[in-house]
Number of protein chains: 2
Amino acid sequence: MYKINEDYLKLQGSYLFSTIAKKVNAFAQENPDKKVIRLGIGDVTKPLAPAIISALHNAVDEMGNAETFHGYAPDLGYEFLRNAIAKNDYQDRGCKIEPDEIFVSDGAKSDSGNIQEIFAKDNVVAICDPVYPVYLDTNVMAGRTGAFDEAAQNYKGVIYMPCRAENDFVPEMPKENPDIIYLCFPNNPTGAAITKEQLQVWVDYANKIGAVIIYDAAYEAYITEENVPHSIYECEGARTCAIELHSFSKNAGFTGLRLGYTVVPKDLKCNGVMLHSLWARRHGTKYNGAPYIVQKAGEAVYSEEGKKQLKEQVAYYQKNARYIFDHLKSYGYEVYGGVNAPYIWLKAPNNMTSWEFFDYLLEKANVVGTPGSGFGKCGETYFRLTAFGSYENTVEAMERIKTL
Amino acid sequence: MYKINEDYLKLQGSYLFSTIAKKVNAFAQENPDKKVIRLGIGDVTKPLAPAIISALHNAVDEMGNAETFHGYAPDLGYEFLRNAIAKNDYQDRGCKIEPDEIFVSDGAKSDSGNIQEIFAKDNVVAICDPVYPVYLDTNVMAGRTGAFDEAAQNYKGVIYMPCRAENDFVPEMPKENPDIIYLCFPNNPTGAAITKEQLQVWVDYANKIGAVIIYDAAYEAYITEENVPHSIYECEGARTCAIELHSFSKNAGFTGLRLGYTVVPKDLKCNGVMLHSLWARRHGTKYNGAPYIVQKAGEAVYSEEGKKQLKEQVAYYQKNARYIFDHLKSYGYEVYGGVNAPYIWLKAPNNMTSWEFFDYLLEKANVVGTPGSGFGKCGETYFRLTAFGSYENTVEAMERIKTL
């Protein structure tokens, strides 16, 4: 008799955003007259920029013509896209990353879930608390953790690094040495940023103890302050200890188009084995490349026209972020993030738990946010709002919250 | 110090098709005057059908408009596509499969690689020999096999089921009971088909011993004979023992567009746990859905216009398959497949090994095929040609082979 992967059964509840979607759908069905404003899941609302739409149409035409049809894509992604990424996201910023160190994929969620596969099961993983659930859940599913401890509200064998107001939501070095460290800055869910000096300390630490950092830079386009790094490779020594994940979802609105990439520098080695080779092998064996038309859309992100249009699009969401931040503050909320990130992290009022505030906000203001406790124990009593709604909805949501 | 997944190091060489691509590129660079005809990798050459191109353009326009923009897709895929699949591929054929048992993905390669994750590490896997490398390699990478045994030319702990001319390339029940059985019919690489009666024996066997069958139906559109099943769910009892994988690559030319789906019936349970729930959890945690525009293209595959156009497209490749089959036979080759599949499986002449024939064919005829030994020990001395070239190239390739 075959057996299932029992590690899956250690998972607590369903995936956070699936749970929220179900709750919101139920509320909407019971209250068809109420206009629900969704500032929960980090999904964008602006349509794709004209430069991207145009690139998509052109690529679709190519696919309809025998001379220009594209079948299977190269394993790592098309060169035109990898070259554009290497130049714009790295070399122009002074980071030494070559095109063949870039792996194009169908998005940072897939990559952040799959990357743990190239590591042994008995590595010790360190994550921030609160954290994007995918880092933790995929390690649970891979058997890299013990069971969930109900009393402690955490998985055995995982190093949780608390991120609280006291440490500006930037974790401190753990007491026990981890093998794999997940960092995400600008942070999801807290919206906190890390300075270049603070990140350099982590890079030095990882190189010293022989740990690998998985650095999620999905929100780098939202950085507004000078001393906040856009890439971990701005730090010296990162090429020997860090993998970086990138998304096209938040800088270019590709949530429904699916495109991302992962950087694995060739200097990143474990006893002489390049992690680059392992990830290449995974890509080649379990994946068949992002669609040609989507990679062409990705190329347009880096065109002069695309850059200009996307700068405006990001500015639109940044304006929402500041609007939420400023208004909640003026209403007396304890509020964080929103300056270098599209997320606003607030403390639930009146000693409510995160889910209590979720239900309260949905019922009373018909506004959907994300309960902080869904991101981990240290997220309890916190709440996340996103800047990805329309400006009009953002303003209306703040009006509604004001009257609570 | 972190450690890598040592199971990756058990893998032999690089992914087969990457190796072939490198060899062919090297030859093409050294011989810029030679016109190479590629009948190796199973990549299609016809452009996307007009109905699909039209659906793509419409969907791209929707993505450029705030009112019709689509962000994150539902976890399992859009209902419009799952409904079309359930109706056309199952219910119309008398198979009881519901839309919510269908998981839309970026292709059958990803799914066939990822599906093993929901099973325990200590399951015993049975594969055909020769076999599509992904089934085996992904189990090696997951640590579900022992080391590669050079002398025996196989991985310890894996049940290999020889498929040879003597058994019409349909495997026999293994002596030892497996837990997970991979079957692919019409078969890649041999092009062999299985009758409904033969498949029913496998379903009964799996239900009896408590094994799960992972059934790859990627090539079902190429079936021309009556008694060959298009789905394993045509067999009684398959809902309690079988997962089915489907591709849009071969029936609709989506190799560069990326779309597939996996069926996990809700009756498929292991000690009361639905595999459907486990796969849903994997989908929700590690994947973020196929692009909206690609799912709209998938919907067009099932439109009246799409069906008509794709029937012609498949017929074009079927004609190539018969052309290759008939001509190789008339040249005196020992040749199989080609009737219910886009693959032709031939015996290398003059006692050549598969790779010797690969080099010979590339050098002398400038035709690229796939060495049978790349699919397993029992593929040695065999060779695979595909019907996915243009008719003109197929004819020319046969002319060249005729003169060898």
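You'll find the structure just up there.
Along every chain, residues carry numbers that run from 1 in the direction the sequence is written. Here chains are named by letter from A upward and ligands by number from 1 upward, in the order in which they appear as written. Predicted model: local features are reported for residues with pLDDT of at least 70 only, side-chain atom pairs are reported and counted for 80 or more only, and whole-chain, interface and lining totals are derived from all residues. Side-chain calculation: all heavy atoms of the structure are included, whereas hydrogens and water are not.

### A closer look at the packing of helix 2 (residues 50–63) of chain B against helix 10 (residues 304–330) of chain B
Residue and element names in this part refer to chain B. Note the threshold: Between N-to-C directions, angles cover 0 to 180 degrees, with each direction set by a line fitted to C-alpha atoms, over the stretch in contact for helices. Put simply, DSSP marks the helices as runs of H or I at least four residues long and the strands as runs of E at least two long, and each gets a number from the N terminus on. Here is the rule for angles: anything less than 35 degrees is roughly parallel, anything more than 145 is roughly antiparallel, 65 through 115 is roughly perpendicular, and the remaining ranges are oblique. The contact definition used throughout considers only heavy atoms, calling two residues in contact when any of these lie within 4.5 Å. Gly is put with the polar residues, along with every residue not named as nonpolar or charged; the nonpolar set is Ala, Val, Leu, Ile, Met, Phe, Trp, Tyr, Cys and Pro, and the charged set is Asp, Glu, Lys and Arg.
Axis separation between helix 2 and helix 10 bottoms out at 8 Å; the angle between their running directions is 135 degrees. Classed by the angle they form, the pair helix 2 and helix 10 counts as oblique. Contacts between helix 2 and helix 10 pair Pro50, Ala51 and Ile52 from the former with Glu305, Gly306, Gln309 and Leu310 from the latter. Looking at the contact of helix 2 with helix 10, its residues break down into four nonpolar, two polar and one charged.

### As for unusual backbone geometry
With an omega of 5 degrees, the peptide bond running from Asp129 of chain B to Pro130 of chain B counts as cis. One can find Pro130 of chain B in the loop between strand 3 (125–129) and helix 5 (133–141). Residues Phe185 of chain B and Pro186 of chain B are joined by a peptide bond in cis, for which omega reads -10 degrees. Inspection of the secondary structure puts Pro186 of chain B in the loop between strand 7 (180–184) and helix 6 (196–209). With a phi angle near 55 degrees, Gln153 of chain A is a residue other than glycine that sits in the positive phi range. By secondary structure assignment, the location of Gln153 of chain A is in the loop between strand 4 (148–149) and strand 5 (154–155).

### Focus: the relation of the copies chain A and chain B
One copy of the chain maps onto the second through a rotation around an axis plus a translation along that axis. Heads up, the rule is: For this overlay, a least-squares fit was computed on C-alpha atoms, restricted to residues scoring pLDDT of at least 70 in both copies.
Superposing chain A onto chain B takes a rotation of 180 degrees combined with a translation of 0.0 Å along the rotation axis, leaving an RMSD of 0.0 Å. On this basis, the relationship between the two copies can be described by a two-fold rotation axis. Of the C-alpha atoms belonging to chain A, the one lying closest to the rotation axis is found on His57 of chain A, 3.1 Å away.

### Topic: the pattern of salt bridges
Once the charged atoms of two side chains with opposite charge are near each other, the side chains can pair. Residue and element names in this part refer to chain A. Selection rule: For this analysis, a salt bridge means a side-chain nitrogen from Lys or Arg found within 4 Å of a carboxyl oxygen belonging to Asp or Glu. Only protein chains enter the accessibility calculation, which uses a 1.4 Å probe. A residue is then buried if its area is under 20% of the maximum for its type, exposed if over 50%, and partly exposed in between.
This model, assessed by the stated rule, comprises 28 salt bridges over all chains. For the salt bridge of Lys266 with Asp100, the shortest nitrogen-to-oxygen distance reads 2.8 Å. Taken together, the residues Lys266 in the loop between strand 10 (260–263) and strand 11 (269–270) and Asp100 in the loop between helix 3 (79–90) and strand 2 (102–105) connect sequence positions 166 residues apart. Given the relative accessible area of 32%, Asp100 is considered partly exposed. Here Arg282 and Glu117 are joined by a salt bridge, their closest N and O atoms 3.2 Å apart. Within this pair, whereas Arg282 is found in helix 8 (residues 275–286), its partner Glu117 is found in the loop between helix 4 (108–114) and strand 3 (125–129), the two being separated by 165 residues in sequence. You'll find Arg282 and Glu117 in the same group, each marked buried. Put simply, Lys35, Glu396 and Arg400 are held in one network by salt bridges that share partners.

### Quick notes on the sheet that holds strand 17 (residues 382–386) of chain A
All names here are of chain A. Under the convention used in this document: Whether two strands pair depends on DSSP finding at least two bridges between them.
Overall, antiparallel pairing links the four strands, which are arranged 13-14-17-16 in an open sheet. With partners counted over all chains shown, the strands left at the sheet margins are strand 13 (335–337) and strand 16 (370–371), one partner each. The strands touched by helix 11 (residues 354–365) within the sheet are strand 14 (343–347), strand 16 and strand 17, with strand 17 carrying the most contacts at an inclination of about 45 degrees.

### Quick look at the packing of aromatic side chains
Our working definition: The rule is short: rings of Phe, Tyr and Trp, with Trp giving its six-membered ring, pair when the centres are within 6.5 Å, and they are stacked under 30 degrees, edge-to-face over 60, tilted in between. By definition here, charges over rings are those cases where NZ of Lys or CZ of Arg is within 6 Å of the ring centre and within 35 degrees of the ring normal.
A full pass over the atoms with the stated rule returns 54 aromatic pairs over all chains. Plain terms: the ring middles of Phe169 of chain A and Tyr336 of chain A are 4.8 Å apart, the flat faces sit at 65 degrees to each other, and that makes the pair edge-to-face. Residue Phe169 of chain A is located in the loop between strand 6 (159–162) and strand 7 (180–184), and its partner Tyr336 of chain A is located in strand 13; the two are separated by 167 residues in the primary sequence. Taken together, the aromatic side chains of Tyr90, Tyr233, Phe248, Phe254, Tyr261 and Tyr302 of chain A make up a single cluster linked through ring pairs. Across the ring face of Tyr391 of chain A, the terminal group of Lys319 of chain A is positioned such that the distance to the ring centre comes to 4.2 Å. Lying across the ring of Tyr382 of chain B, Lys347 of chain B places its NZ or CZ 4.9 Å from the centre.

### Looking at empty space enclosed by the protein
Our working definition: Every definition here rests on a 1 Å grid over the protein atoms only: cavities are sets of points where a 1.4 Å probe fits but cannot get out, pockets are open sets enclosed by protein on both sides within 12 Å along at least five of seven lines, and lining residues have some atom within 4 Å of a point. Grid points are joined across faces, edges and corners, and a volume is the space filled by probe spheres set on the points.
Scanning the entire structure with this criterion turns up three cavities of 30 Å³ or more. Space inside the largest cavity adds up to approximately 180 Å³. For the lining of the largest cavity, the secondary-structure elements that each account for two or more residues are helix 4 and helix 8 of chain A together with helix 4 (108–114) and helix 8 (275–286) of chain B. Taken together, the residues of the lining of the largest cavity break down into four nonpolar, eight polar and eight charged.

### Some thoughts on the environment of Glu79 of chain B
Residue and element names in this part refer to chain B. Structurally, Glu79 can be placed in helix 3 (residues 79–90). Glu79 sits in the exposed class, given a relative accessible area of 54%. Residues Glu79 and Gln295 lie 216 residues apart in sequence; the distance between their C-alpha atoms is 9.9 Å.

### Describing the sheet that holds strand 6 (residues 159–162) of chain B
All names here are of chain B. Pairing in this open sheet of seven strands is mixed, and the strands run 2-10-9-8-7-3-6 from one edge to the other. Each edge of the open sheet carries a strand with a single partner, namely strand 2 (102–105) and strand 6. Here the strands of the sheet are splayed against their neighbours by 20 degrees on average, with no regard to which way each runs. Of the strand pairs in this sheet, strand 3 and strand 7 are connected by two bridges, and their pairing is parallel. Looking at strand 7, one finds that Ala126 is bridged to Ile181. Here helix 3 sits on the sheet in contact with strand 2, strand 9 (242–247) and strand 10 (260–263), set at roughly 115 degrees to strand 2.

### Some thoughts on the interface of chain A and chain B
Put simply, the rule reads: By buried area we mean the combined loss of accessible area, with a 1.4 Å probe, across both parts when two parts are placed together. By the criterion applied in these results, polar contacts are pairs of N or O atoms within 3.5 Å in which, for protein atoms, one can donate a hydrogen and the other can accept it, and in which residues neighboring in sequence qualify only through two side-chain atoms.
Contact with chain A, which involves 81 residues of that partner, is made by 81 residues of chain B. A buried area of about 6,800 Å², summed over both sides, lies between chain A and chain B, and 59% of it is on carbon and sulfur atoms. Along the contact surface separating chain A from chain B lie two salt bridges. Taking the shortest distance from any N to any O, the salt bridge between Asp137 of chain A and Arg281 of chain B comes out at 3.2 Å. For the interface between chain A and chain B, the tally reads 35 residue pairs in polar contact (both at pLDDT 80 or more). At the level of elements, helix 2 (50–63), helix 4, helix 5 (133–141), strand 11, helix 8 and helix 9 (292–301) of chain A are the ones that each hand at least two residues to the side of chain A that touches chain B. If you tally residues by element for the side of chain A that touches chain B, the top one is helix 8 of chain A, at seven residues.

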